[in-house]
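Observations on chain architecture
So you can see what is in the structure, the chains are spelled out below.
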Amino acid sequence: MRVLYLNPSGQLGGAERSLLDILASLRAAFPDWSLGLISSSTGPLVEAAESLGVQVRVVTFPPTLARLGDAALRRTQHALQRHLALVKNLAWAGPQVLLYQRQLRAAMAAFAPQIVHSNGFKMHVLAAQTVPAQVPLVWHIRDYVGRRAVMARLLRWHAGRCALVVANSQSAAEDVRRVCNLPHEKVRTVYNAIDTQQFTPDGARLDLDKLAGLPPAPPETVRVGLPGTLARWKGHETFLQALALLPPDAPVRGYIIGGALYETEGSQLSLEELRQIAAQLNLADRVGFTGFIREPAAALRALDIVVHASVAPEPFGRVIVEGMACGRAVVASRAGGAEELFTEGVNALGHPPSNAHALAKCISKLIHDKDLRAALGDAGRRTATHRFDRRRLAEELTPLYRSLALDASDERG
Ligand code: GLC
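First, a word on scope: everything that follows refers to the structure included in this document. Please read all numbers here as calculations on a predicted model, not as lab measurements.

Definitions and limits used
Residues numbered from 1 in each chain as written. Predicted model: local features only at pLDDT ≥ 70, side-chain atom pairs only at ≥ 80, totals over all residues. Heavy atoms only, no water. Helix = DSSP H or I, 4+ residues; strand = E, 2+ residues; numbered from the N terminus. Buried < 20%, exposed > 50% of the residue type's maximum accessible area, 1.4 Å probe, protein only. Contact = heavy atoms within 4.5 Å. Near = heavy atom within 4 Å. Polar contact = N/O pair within 3.5 Å; in protein donor to acceptor, adjacent residues only side chain to side chain. Areas by Shrake-Rupley, 256 points an atom, 1.4 Å probe, with all protein chains shown as cover. Nonpolar A, V, L, I, M, F, W, Y, C, P; charged D, E, K, R; others polar. Axes fitted to C-alpha atoms, helices over the stretch in contact; angles between N-to-C directions. Parallel < 35°, antiparallel > 145°, perpendicular 65-115°, else oblique. 1 Å grid on protein atoms, 1.4 Å probe; cavity = no way out; pocket = protein on both sides within 12 Å on 5 of 7 lines; lining within 4 Å. Points joined across faces, edges and corners; volume = space filled by probe spheres on them.

Once that is clear, we can look at the overall build of the protein chain. The helix and strand inventory of the protein chain stands at 16 helices and 13 strands. For the protein chain, the spread of C-alpha atoms along the three principal axes comes to 70 × 50 × 35 Å. Evaluated residue by residue, the protein chain yields a buried proportion of 58% over its 413 residues. In the protein chain, once contacts between residues fewer than 6 apart in sequence are set aside, the share between residues at least 24 apart is 72%.

Here it is as structure tokens:
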């Protein structure tokens, strides 16, 4: 089988790490398959995929295409302004997009895929416009389409070209079915999965204090951290507000682990903005910022409490599963696909999105109850190995790929 993946970034956010898990799972199950990746920029994704034996081609997005997105438009107040901004952006991007399509077609032809699997909104659209008609196209939906005004329209227009949609949770699946008007069976849920041999309770731990430039914390300090990219809806502010609600003498230190990764304009907070918010909340010496981390498991193991605080429903929320796999107590924002990953009070605690008081209450409970932390961590580890081990990805995707390839060869006669 020859499967070609398309990704609209060379960075390593959750979508890319999930793609690498798919590649690793297929590589282990079928060493003879040819796996290819076209990435829109160089970056750590490219190296990681190459080290798995994937044939990688970088076909660089022109700058206007890299920056184009709904996020910046959403921050513009008026509908008319938004509309004008979009028309302007599209007009600017138009010729560059045509050129890019040509380059993409050539790179795809060189790989001669049986299946093309795209991993991100911009690539879904570009793939629908460029993948040869006889090659089945799979869209991997990892975010709510309904939340993106422009993307929703573009995907609806192009959905007919796509043979199958894979979504990272039931909640994301329902959203794309509704927005793109797709029949139930055309959208399948394949939950993300992780390397449970890498995300383990025991192993190397990063020195988060040192990375954040803070003095060492006293030994009894409980470490609580929010890992992830700095996307605006990931709840960094809620997390900081929750920390500010804890008594100043609570034996706790907070960490924001991650950096602004993606180029789409307006989509990410900067570390500087977050530092300012922390300073305004008088948290400067109680919160550390590590920036982007290459070893997520070692960062999670350095924490006692792993926080997920997205203020909008989270399509999946890898950090919840990674924290559970590392046997840490997880506090998650209870909405969207994230809610499908844990059972309240058994393998994680939940709080309503944007509710800093409720989040502070969960953190406070865990700071003072070591046994509860351990119980949640043990149960979380069991959940992660049963439900979220990445060997499952090859098992779930293979029958889908095979049936698509078969249908395509039947059609060719
Ligand atoms: C996107 C989603 C996130 C998910 C990740 C991997 O980043 O926002 O919820 O965990 O993709 O599927």
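Let's shift gears to the site of the ligand. Inspection of the region around the ligand gives 13 residues, with Arg142, Asp143, Asn168, Asn192 and Glu314 positioned closest. Here an oxygen atom of the ligand sits 2.7 Å away from a polar atom, N or O, in the side chain of Arg142. In this structure, Asn168 approaches the ligand through a side-chain N or O atom, which is 3.0 Å from an oxygen atom. When the ligand sits alone it has 310 Å² of accessible area, and the protein chains cover 92% of it. For the shell around the ligand, the element with the most residues is helix H1 (residues 14-29), which contributes 3 residues. Classifying every residue of the shell around the ligand by side-chain character gives 4 nonpolar, 5 polar and 4 charged.

Between H1 and helix H2 (residues 44-51), the least distance of the axes is 10 Å, while the angle of their chain directions is 10 degrees. Of the possible angle classes, the one that applies to H1 and H2 is roughly parallel. Residues Glu16, Leu20 and Leu23 of H1 form the contact with H2, whose own contacting residues are Leu45, Ala48 and Ala49. Residues of the contact of H1 with H2, tallied by class, amount to 5 nonpolar, no polar and 1 charged.

Taken as a whole, the second largest pocket spans an internal volume of roughly 380 Å³. Around the second largest pocket, the lining is made up of 17 residues, and of these Arg205, Arg301, Leu303, Asp304 and Arg328 lie nearest the centre. Sorting the residues of the lining of the second largest pocket by element identifies helix H9 (208-212) and helix H15 (370-387) as the ones contributing at least two each. Taken together, the residues of the lining of the second largest pocket break down into 6 nonpolar, 1 polar and 10 charged.

In this section: the environment of Val311. Within the secondary structure, Val311 sits in the loop between strand S11 (305-307) and helix H13 (318-325). With 216 residues separating them along the chain, Val311 and Pro95 place their C-alpha atoms 37 Å apart. Discounting residues that sit within four places of it in the chain, Val311 has contacts with Trp233, Lys234, Gly235, Thr238, Pro353 and Ser354.

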